[in-house]
Amino acid sequence: QVQLVESGGGLVQAGGSLRLSCAASVRTVRTFSIYAMGWFRQAPGKEREFVARISRSGGSTGYADSVKGRFTISRDNAKNTVYLQMNSLKPEDTAIYYCAAHPSVVVPEPERVEYWGQGTQVTVSS
């Protein structure tokens with residue numbers, strides 16, 4: 001079992017930056033490094049959508065086209081933490097951001113993700 005706790009959300013002006021963190025508590029003999037990690041977001045009235053993903057070792061990453069070149073995902077397996085650095089934020093980035101963990105090579109589509117955090121609100125003003 002994995003518990004995920006996000007932090008770092010808030011209110012920022014367009015063009016600004018935020019860094020989200022997701023701390024994982026692993027409560028079985030499994031280690032954090034066996035979990036692929038990802039970030040998803042959900043805006044009001046919209047479905048949860050993929051933002052970024054990172055492999056178990058951190059050697060492979062992937063991004064949604066809408067955030068490519070602006071967001072960077074990283075992980076520190078020694079600290080059981082994954083990060084999302086968000087630069088050049090736009091009002092359309094406003095959403096609740098969720099951390100996801102799945103015991104596989106990459107995080108799957110939202111319906112199949114095994115563990116979710118509670119989410120952190122990001123609001124970008126114009």
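Calculation criteria
- The residue numbering used here restarts from 1 in each chain and proceeds along that chain's sequence as written.
- Two thresholds apply to this predicted model, a pLDDT of at least 70 for residue-level local features and 80 or more for giving and counting side-chain atom pairs, whereas whole-chain, interface and lining totals are computed over all residues.
- Note: side-chain values were computed over all heavy atoms of the structure, leaving out hydrogens and water.
- In DSSP terms, a helix is any run of H or I states spanning at least four residues, a strand is any run of E spanning at least two, and both are numbered starting from the N terminus.
- The criterion used for residue contact is that any of the two residues' heavy atoms lie within 4.5 Å.
- Paired strands, in this sense, are two strands between which DSSP finds at least two bridges.
- For helices, the axis comes from a line fit to the C-alpha atoms of the stretch in contact; other axes are also lines fit to C-alpha atoms, and the angle between any two N-to-C directions lies between 0 and 180 degrees.
- Here a pair means two rings of Phe, Tyr or Trp (six-membered ring of Trp) with centres within 6.5 Å. Their orientation is stacked below 30 degrees between planes, edge-to-face above 60, and tilted elsewhere.
- Relative accessibility decides the category of a residue: with a 1.4 Å probe and only protein chains considered, values under 20% of the type maximum give buried, values over 50% give exposed, and everything between is partly exposed.

Concerning the environment of Asp76
Now for step 1: Looking at where Asp76 falls in the secondary structure, it is placed in strand S7 (residues 71-76).
Now for step 2: Remark: the alpha-carbon pair of Asp76 and Ile54, spanning 22 residues in sequence, is separated by 11 Å.
Now for step 3: Contacts of Asp76, omitting those with residues within four sequence positions, involve Phe32, Thr81 and Tyr83.

Digging into the sheet that holds strand S1 (residues 2-7)
Now for step 1: The four strands lie next to each other as S1-S3-S8-S7, forming an open sheet whose pairing is antiparallel. The open sheet is flanked by S1 and S7, the only strands paired with a single partner. Strand-to-strand twist of the sheet, defined as the mean angle between neighbouring strand axes without regard to direction, takes the value 15 degrees.
Now for step 2: Here S7 pairs with strand S8 (residues 81-86) via six bridges, running antiparallel. Residue pairing across strands places Ile73 opposite Leu84, the latter belonging to S8.

Concerning the packing of aromatic side chains
When we look at a pair of aromatic rings, we describe it by the centre distance and by the angle of the planes.
Now for step 1: Summed over the entire model, instances satisfying the criterion amount to four aromatic pairs.
Now for step 2: Each ring, one from Tyr98 and one from Trp116, has its centre 6.3 Å from the other, and the planes form 85 degrees; the classification is edge-to-face. A residue pair is termed long-range when its members are at least 10 positions apart, and Tyr98 in strand S9 (residues 95-102) and Trp116 in strand S10 (residues 115-116) qualify at 18 residues.
Now for step 3: Of the residues examined, Trp116 reaches a relative accessible area of 26% and is grouped as partly exposed.

As far as function goes, none of this settles anything; it's purely spatial.
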